[in-house]
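Each chain, written out:
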Amino acid sequence: METEIELKLFVSPEFSSHLLRKISESKILQQSSRMLGNVYFDTPEQILRQHDIGLRIRRYDDVYVQTLKTAGRVVAGLHQRPEYNAETNSTVPDLTLHPVDAWPESVDVADIQQQLQPLFSTDFERQQWLVAMPDGSQIELAFDQGHVSANGQTTPICEVELELISGQTDVLFILARELCTEGGMRLGNLSKAARGYRLAAGYEGDDVKALTFVNVEPEDSVETVFVNTLEHALGHWHYHEQIFAECHDLAALSELKNALSLIRQAFVVFGGVIPRRASALIRQELQWLEGELQWLNEASKIVAIQAEKGSLLKKLNARKPLLQQLDARFEALPTASDMLQLLQSARYCGLLLDLSRWILSRGWQPFLDDKMRNKLADNIKPFSDSALSRSWEELQDVFPSSRELNRIDYFDQQPRLLRNLMSGMCFAELYDEGKRSYFRMPWQDLLQGIEDLHQLDVVRSLVALQDDEEDQAQIEKWLSRKEESLIHAMDQTRQMGVELTPYWP
C-alpha cells in the first residue's frame, strides 16, 4: 500500500507552452509520454462510491494495472489517499488482488465482486516528467489531456498533477507556486473519478450550500479547532469555487466570500495564541481578495430587489424605470468572465497555495514560544467559553437596549455583528443545539434586517435619477415608511437578543 500525495491543478490547453518553459528551467531526471485508458467499476448501487473507494483498471502499452483507492483527504487541491496497485492480465476486476485490510469492515468484498460493472472511462495522453527539486526531493509532474466518458457523454480532461515521490509535502506547493506565476491555473478538488461519477449520474450541477458549523469535539485542543476551522472554511470555499467555474452562479461566489470571512475571523478569534506576524502575509492577501469580491454586496441587493419581477417596488409609479436603472447598475458590475479571470489569476492561485501550505505545515509553529504552545495544547472548551463571552460583551456594548439606533448606526455595526456570528460558528458544536439556536436566532434576524435596510438604500440612491418630481416624492415617502417599519422590528429583535441568557457557561 502506498499513500498517494498529489496536487491537482485545472489548466487550459494553452497552458502547455508555459509548462514546457518552466520545465526547461528544472532538473529533469526522466520524461515520457503515453496514452492511458482507464475503466472505473462499481456496483449498481455504487457501494464503492458510498465508501469513498475508487476501483479502476488502467491500460498502457500491453500492461494492465488494477488500482484501489480508499478514503482520503482533500485540502485545496492536495489529495492524500491510500492506494493499492496490482498488475493483472484481465479487463475484469479481481478484488482478491488487494489485501483484505484495505477494505472497510462493513464492506462484503465477495458480494461486491459479483455485482461489479463498468461505470465510466477516462482516456488521455499523459506527458510526464520526474523533477528533482533543489532540496533533493522528487516530484512526478504529469500533464493530462483527454476526456471522461459515460453513457455516451464526454467531458474534457486538461489538468496538471504533481505527485510527491520523495521528500516533504511542502515541495509540492513550492513547485506549484513556480508554475502559477503567469496564471491560467486553478486548484482542483475533483479527481477524474469524481468527474466520471458525476457524468455517469447525469450531473447537472452541485447545490449551493450555506456555511455550516465547524465540526468540534469536546476533547479537541485549541490548535485542533483552529486547524479544523481553516480546513472547514477552505473546503466550503473550494466547493463553491467549482460551482461558480461551472455554472457562473452568483450565490456560489457569495458563499466563497462567506468562507473567506470565516477564515479571516478565525485569525481574530485565535489571535491570542497564533501570533499575528505568523499569518501577516496571508491575512494581507485575504484582505485583497475580500476587496475584489466586495461588489457582491451590491449585486446581491440588486438581485433581491429584482426578485419576482421587482414585486418589492410594485406600488411605485416609477417601478419600471427603477428596474431599468437597477439593470444598468448590475450590468456595470464585474462579469462572470471577470471573476473567472480572477479565479485563474496568479495572485489568487498563489493565495490558495500559500494558505493550504501554511495549514498543512503548521506554519505558525516557528513563531510560538513555550507559553503559546501550552495554550494551543489546552482543551478547547475553556478557550471557547472565554471567546464567546468576549464576543457577547462586545455585542451588548454596541447594541445596548437603552439606545435608539438609526439605519446608519445599524450599518456601522453590521461588520461587527457578522464577525460575532462567525466566531460562534467556530465553537457551536460544543453546546446544546436548542439553546444555541434560540440564542443566535434574533441576531441572525437582526443581520437580515440590516441587509433589508441596505436594499432600501440602493433604491434611495436612484431617487435623484427620476425625472418626475411626484415620482421622487412618492419614492421618498415609500422609503420612509419601509425604513420606519423595518427599524421598529429590528429594535424589538435587538431588545430580545440582549436579554437572552448565553448558551455557554
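Bear in mind the structure is a predicted one, so any value in this text is a computation, not a measurement.

Undergrad: Run through the overall build of the chain, naming residues and quoting values.
TA: Counting its regular elements, the chain contains 17 helices and 10 strands. Dimensions along the principal axes, computed over C-alpha positions, put the chain at roughly 80 × 60 × 50 Å. Put simply, the chain has 505 residues, and 50% of those count as buried. Roughly 24200 Å² of accessible area belongs to the chain as shown, and the carbon and sulfur atoms make up 47% of that amount.

Undergrad: Can you explain the nonpolar core? Please cite residues and give values.
TA: L141, L162, W237, F270, W358, F427 and W443 are the most contacted members of the largest nonpolar core, which has 125 residues in total. Two domains share this core, each providing at least three of its residues, namely domain 1 (2–201) and domain 2 (222–499). Once you skip the residues sitting within four places of it in the chain, W358 turns out to touch F226, L230, F267, I274, A278, S279, I282, G363 and W364. Judged by nonpolar contacts, the second largest core, of 28 residues, contains I53, F120, A193 and Y197.

Undergrad: Talk me through the domain arrangement of the chain; I want residue IDs and the actual numbers.
TA: You can read the domains of the chain as domain 1 (2–201) and domain 2 (222–499). Once you take the C-alpha centre of each, domain 1 and domain 2 turn out to be 37 Å apart. Of all residues in domain 1, the largest losses of buried area upon contact with domain 2 belong to F173, R186 and L187, amounting jointly to 32% of the total for that side. Taken together, domain 1 and domain 2 are joined by four salt bridges. Across the pair D170 and R357 runs a salt bridge, and its minimum N-O distance is 2.8 Å. Seen at the junction of domain 1 and domain 2, the total is seven residue pairs in polar contact (both at pLDDT 80 or more). At the level of secondary structure, the elements contributing two or more residues to the side of domain 1 that touches domain 2 comprise β1 (2–11), β5 (73–75), β6 (78–88), α4 (170–179) and β10 (185–187).

Undergrad: Could you give an account of the UniProt feature "domain: CHAD" (unreviewed entry) in the chain, naming the residues involved and the relevant values?
TA: Here, the residues flagged by UniProt with the feature "domain: CHAD" (unreviewed entry) are residues 219–484. As a span, residues 219–484 carries 76% helix and 0% strand, and end to end its C-alpha atoms are 48 Å apart.

Undergrad: An account of the pairing of strand β3 (residues 54–60) is requested, with residue identities and associated values reported.
TA: When you tally the buried positions in β3, you get six out of seven residues, the bulk of the element. Note that strand β2 (residues 27–42) and β3 share four bridges and pair antiparallel. Within the sheet, the bridge partner assigned to G37 lies in β3 and is R59. The pairing of β3 with strand β4 (residues 63–69) spans seven bridges and is classified as antiparallel. For G54, the partnering residue across the bridge sits in β4 and is K69. Count of turn residues in the β3/β4 antiparallel hairpin: two residues, of which D61 carries a positive phi of about 55 degrees.

Undergrad: An account of the side chain of Q265 is needed here, citing residue identities and associated values.
TA: Within the secondary structure, Q265 sits in helix α7 (residues 250–269). A distance of 3.4 Å separates a polar atom in the side chain of Q265 from the backbone oxygen of R419. Excluding residues within four positions of it along the chain, Q265 makes contact with R419, M422 and S423.

Undergrad: Report on the confidence of the model for the chain, specifying residues and quantitative values.
TA: Mean pLDDT over the chain stands at 93; residues scoring 70 or higher make up 99%. Of all secondary-structure elements in the chain, the lowest mean pLDDT belongs to β5, at 70, while helix α8 (residues 280–292) reaches the highest, 97.

Undergrad: Explain empty space enclosed by the protein to me, using residue names and the numbers behind them.
TA: Overall, the coordinates contain two cavities of 30 Å³ or more when judged by the stated rule. Its boundaries defined by the atoms lining it, the largest cavity holds a volume of some 110 Å³. Considering the residues around the largest cavity, the lining is formed by L388, S391, W392, L395, N420, L421, G424, F439, R440, W443, Y503 and W504. Those elements giving two or more residues to the lining of the largest cavity turn out to be α14 (380–398), α15 (407–427) and α16 (433–460). A total of four residues in the lining of the largest cavity trace back to one element, the largest contributor, which is α14. Put simply, the second largest cavity is a space of about 30 Å³. In this structure, the second largest cavity is lined by F267, I274, P275, R276, S279 and R283. Of the residues that constitute the lining of the second largest cavity, the class distribution is three nonpolar, one polar and two charged.

Undergrad: An account of the pairing of strand β8 (residues 138–150) is needed here, citing residue identities and associated values.
TA: Judged from the 12 bridges that link them, strand β7 (residues 117–132) and β8 form a sheet pairing that is antiparallel. Considered in β8, the bridge of A132 is made with Q138. With antiparallel pairing between neighbouring strands as the criterion, β7 and β8 make up a hairpin whose turn holds five residues, including G136 at a positive phi of roughly 95 degrees.

Undergrad: I'd like to hear about the packing of aromatic side chains, residue by residue, with values.
TA: Counted under the stated rule, the structure contains 20 aromatic pairs. Pairing F226 with F270 gives two aromatic rings, centres 5.2 Å apart and planes at 55 degrees, and the pair type is tilted. One end of the pair, F226, is in helix α6 (residues 222–247); the other, F270, is in the loop between α7 and α8, and 44 residues separate them in sequence. By relative accessible area, F270 is classed as buried at 0%. Centre to centre, the rings of W392 and W443 are 6.1 Å apart; their planes meet at 80 degrees, and the pair counts as edge-to-face. Note that W392 is positioned in helix α14 and W443 in helix α16, a separation of 51 residues in sequence. Each of the two residues, W392 as well as W443, counts as buried. Put simply, the rings of W392, F399, Y410, Y431, F439, W443, Y503 and W504 touch in pairs and so form one group of aromatic residues. Looking at K192, its charged tip hangs above the ring of F124, at a distance of 4.9 Å from the centre. Directly above the ring of Y203 sits R198, whose terminal nitrogen or CZ lies 3.7 Å from the centroid.

Undergrad: Outline the pattern of salt bridges, listing residues and values.
TA: With the rule as written, the count across this model stands at 30 salt bridges. A salt bridge links R21 to E182, with the shortest nitrogen-to-oxygen separation between them at 3.1 Å. With R21 in helix α1 (residues 15–24) and E182 in the loop between α4 and β10, this pair connects stretches of sequence that are 161 residues apart. With a relative accessible area of 41%, R21 lands in the partly exposed category. A salt bridge links R460 to E483; its shortest N-O distance comes to 2.8 Å. Of this pair, R460 sits in helix α16 while E483 sits in helix α17 (residues 469–498), and the two are 23 residues apart along the sequence. Taking the relative accessible area as the measure of exposure, R460 reaches 22% and is therefore partly exposed.

Thresholds applied
- Residues numbered from 1 in each chain as written.
- Predicted model: local features only at pLDDT ≥ 70, side-chain atom pairs only at ≥ 80, totals over all residues.
- Heavy atoms only, no water.
- Helix = DSSP H or I, 4+ residues; strand = E, 2+ residues; numbered from the N terminus.
- Buried < 20%, exposed > 50% of the residue type's maximum accessible area, 1.4 Å probe, protein only.
- Areas by Shrake-Rupley, 256 points an atom, 1.4 Å probe, with all protein chains shown as cover.
- Core = buried A, V, L, I, M, F, W, Y, C linked by side-chain atoms within 4.5 Å.
- Domains from an automatic or database assignment.
- Contact = heavy atoms within 4.5 Å.
- Buried area = accessible area lost by both parts, 1.4 Å probe.
- Salt bridge = Lys/Arg side-chain N within 4 Å of Asp/Glu carboxyl O.
- Polar contact = N/O pair within 3.5 Å; in protein donor to acceptor, adjacent residues only side chain to side chain.
- UniProt positions renumbered as here; feature names shortened; annotations may be inferred.
- Pairing = 2+ DSSP bridges.
- pLDDT = per-residue confidence, 0-100.
- 1 Å grid on protein atoms, 1.4 Å probe; cavity = no way out; pocket = protein on both sides within 12 Å on 5 of 7 lines; lining within 4 Å.
- Points joined across faces, edges and corners; volume = space filled by probe spheres on them.
- Nonpolar A, V, L, I, M, F, W, Y, C, P; charged D, E, K, R; others polar.
- Phe/Tyr/Trp six-rings, centres within 6.5 Å; stacked < 30°, edge-to-face > 60°.
- Lys NZ or Arg CZ within 6 Å of the ring centre and 35° of its normal.

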